Amino acid sequence: QKEVEQNSGPLSVPEGAIASLNCTYSDRGSQSFFWYRQYSGKSPELIMFIYSNGDKEDGRFTAQLNKASQYVSLLIRDSQPSDSATYLCAVKRSQGNLIFGKGTKLSVKP
Amino acid sequence: DTEVTQTPKHLVMGMTNKKSLKCEQHMGHRAMYWYKQKAKKPPELMFVYSYEKLSINESVPSRFSPECPNSSLLNLHLHALQPEDSALYLCASSQDPRLAGDTQYFGPGTRLTVL
């Protein structure tokens, strides 16, 4: 089992819809979880981090964490074409480094 | 300010060349990272410097040599690279990797092509 797994997509949603991105992880001792957005040819850009069970909201973005199920998700409300990118889930190891999932490519259609 | 800068933006080098990639941050962060990213793949960790000491080396070939002259600067020295080393090289920094909420911020990357 890979440490961090994501559905590679592509995930296609219409403009204005909710996009739901999912991530599972294998290390039950993981404490911190991150979502990065990466446009083609650019570097990863931090969207949110979460380390407590439950929901964390920031604008149109909501991160959800369920440690019992080892599951992290990112919801994007009112999706815009500018949200079209690859979304990387990352889990922090105890040494401090991040392990990335393969990323989910999101396409928001006007 | 969450800016990490990297130079150069693009680099083309032959297999016998020696070159260096540079990374700089002025956020007072005490950890700096080098990642390698191939097309359509996630970033892969290469090295971590924490408080100016090399704390993680992910079994990277010796043709890649990191250097951390001070807490704001991180270099990656390249020598005798192979064409398969062509990739986007990303630098990141964070405040303190021991903290649960420690967050890594990435620079724009250096696009490296080895001929």
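Residues numbered from 1 in each chain as written. Chains lettered and ligands numbered in written order. Predicted model: local features only at pLDDT ≥ 70, side-chain atom pairs only at ≥ 80, totals over all residues. Heavy atoms only, no water.

### Here's the deal with the sheet that holds strand 3 (residues 18-25) of chain B
Residues and elements named next belong to chain B. As a reminder of what qualifies: By definition, two strands form a pair when at least two bridges between them are found by DSSP. Only DSSP runs of H or I covering at least 4 residues are called helices, and only runs of E covering at least 2 are called strands; the numbering of each starts at the N terminus. Where helices are involved, their axes are fitted lines through C-alpha atoms of the stretch in contact, as for all axes, and angles between N-to-C directions lie from 0 to 180°.
Reading across the sheet, the four strands line up as 1-3-8-7 and stay open at both edges, with antiparallel pairing between neighbours. Strands at the two margins of the open sheet, each flanked by one partner only, are strand 1 (4-7) and strand 7 (64-70). Along the sheet, successive strands turn relative to each other by an average axial angle of 20 degrees, direction set aside. In this sheet, strand 8 (residues 73-79) lies alongside strand 7 in antiparallel orientation, the contact comprising five bridges. Counterpart to Asn70 in the pairing with strand 8 is Leu73.

### Some details on the state of the cysteines
Condition: Note on terminology: pairs of cysteine sulfur atoms within 2.5 Å are recorded as disulfides. Remark: exposure states derive from per-residue accessible area (1.4 Å probe, protein chains only) relative to the maximum for the residue type, with buried under 20%, exposed over 50%, and partly exposed in between.
For the structure shown, the criterion picks out two disulfides over all chains. Across the disulfide from Cys23 of chain A sits Cys89 of chain A; the S-S distance is 2.1 Å. Between Cys23 of chain A and Cys89 of chain A, the disulfide has an S-S torsion of -70 degrees and is therefore left-handed. Residue Cys23 of chain A is found in strand 3 (residues 19-25), and its partner Cys89 of chain A is found in strand 9 (residues 85-92); the two are separated by 66 residues along the sequence. Judged by relative accessible area, which is 1%, Cys23 of chain A ranks as buried. For Cys89 of chain A, a relative accessible area of 0% gives the class buried. In this model, Cys23 of chain B is linked to Cys91 of chain B through a disulfide, with the two sulfur atoms separated by 1.8 Å. With the S-S bond torsion at -70 degrees, the cross-link from Cys23 of chain B to Cys91 of chain B turns out left-handed. Note that Cys23 of chain B is positioned in strand 3 and Cys91 of chain B in strand 9 (residues 87-94), a separation of 68 residues in sequence. On the accessibility criterion, Cys23 of chain B (1% relative accessible area) is buried. A relative accessible area of 0% means that Cys91 of chain B is categorised as buried.

### Some words on the sheet that holds strand 3 of chain A
Residues and elements named next belong to chain A. If you trace the five strands from one edge of the open sheet to the other, you get 1-3-8-7-6, paired in antiparallel fashion. On the outer flanks of this sheet lie strand 1 (4-6) and strand 6 (54-58), each paired with one strand and no other. Along the sheet, successive strands turn relative to each other by an average axial angle of 20 degrees, direction set aside. Pairing geometry for strand 7 (residues 61-66) and strand 8 (residues 71-76), over six bridges, is antiparallel. Residue pairing in the sheet places Gln64 in a bridge with Ser73 of strand 8.

### Some words on the environment of Ala85 of chain A
Residue and element names in this part refer to chain A. Going by this rule: We call two residues in contact when some of their heavy atoms are within 4.5 Å.
The residue Ala85 is located in strand 9 in this model. For Ala85, a relative accessible area of 8% gives the class buried. In this structure the C-alpha to C-alpha distance between Ala85 and Asn66, which are 19 residues apart in sequence, comes to 25 Å. If we skip the residues at most four places from it in the chain, Ala85 touches Arg37, Gln38, Tyr39, Thr104, Lys105 and Leu106.

### Some words on the interface of chain A and chain B
To keep things clear, this is the line we draw: When two parts are put together, the accessible area they lose, computed with a 1.4 Å probe and summed over both, is reported as buried area. Within this document, salt bridges are pairs made up of a side-chain nitrogen of Lys or Arg and a carboxyl oxygen of Asp or Glu, the two lying within 4 Å of each other. In the analysis that follows, any N or O atom pair within 3.5 Å is treated as a polar contact, provided that within protein one partner can donate a hydrogen and the other can accept it, and provided that, for residues neighboring in sequence, both atoms belong to side chains. Gly is placed with the polar residues, together with every amino acid not listed as nonpolar (Ala, Val, Leu, Ile, Met, Phe, Trp, Tyr, Cys and Pro) or charged (Asp, Glu, Lys and Arg).
Taken together, the contact between chain A and chain B spans 21 residues of the former and 24 residues of the latter. In total, about 1,600 Å² of surface goes out of reach between chain A and chain B, with carbon and sulfur atoms giving 57% of it. Inspection of the chain A/chain B interface yields one salt bridge. For Glu58 of chain B, the salt bridge identified is with Arg93 of chain A, shortest N-O distance 3.8 Å. At the surface where chain A touches chain B, the tally comes to five residue pairs in polar contact (both at pLDDT 80 or more). Listed by contribution, the elements that provide at least two residues to the side of chain A that touches chain B are strand 4 (33-38), strand 5 (45-50), strand 9 and strand 10 (98-100) of chain A. At three residues, the largest contribution of residues to the side of chain A that touches chain B is made by strand 4 of chain A. Along the lines of polarity and charge, the residues of the side of chain A that touches chain B split into nine nonpolar, eight polar and four charged.

### Topic: the packing of aromatic side chains
One pair of aromatic rings is described through two measures. These are the centre distance and the angle between the planes. For the record, the criterion: Two aromatic rings, drawn from Phe, Tyr or Trp (for Trp, its six-membered ring), form a pair once their centres lie within 6.5 Å of each other, and the interplanar angle then sorts them: stacked below 30 degrees, edge-to-face above 60, tilted otherwise. Charge-over-ring placement is defined geometrically: NZ (Lys) or CZ (Arg) within 6 Å of the ring centre, and within 35 degrees of the ring normal.
With the rule as written, the count across this model stands at 10 aromatic pairs over all chains. For the ring pair Tyr25 of chain A and Phe33 of chain A, a centre distance of 4.6 Å and an interplane angle of 45 degrees mean the geometry is tilted. Just as Tyr25 of chain A is buried, Phe33 of chain A falls in that class too. A centroid spacing of 5.3 Å and a plane angle of 45 degrees characterise the contact between Tyr35 of chain B and Phe106 of chain B, whose relative ring orientation is tilted. Remark: Phe106 of chain B occurs in strand 10 (residues 105-106) and Tyr35 of chain B occurs in strand 4 (residues 31-37); sequence separation between them is 71 residues. Assigned by exposure class, Tyr35 of chain B and Phe106 of chain B land together as buried. Through a chain of ring-to-ring contacts, the aromatic side chains of Tyr36 and Phe100 of chain A together with Tyr33, Tyr35 and Phe106 of chain B assemble into a single cluster. The ring of Phe49 of chain A carries the charged tip of Lys56 of chain A above its face, separated from the ring centre by 3.7 Å.

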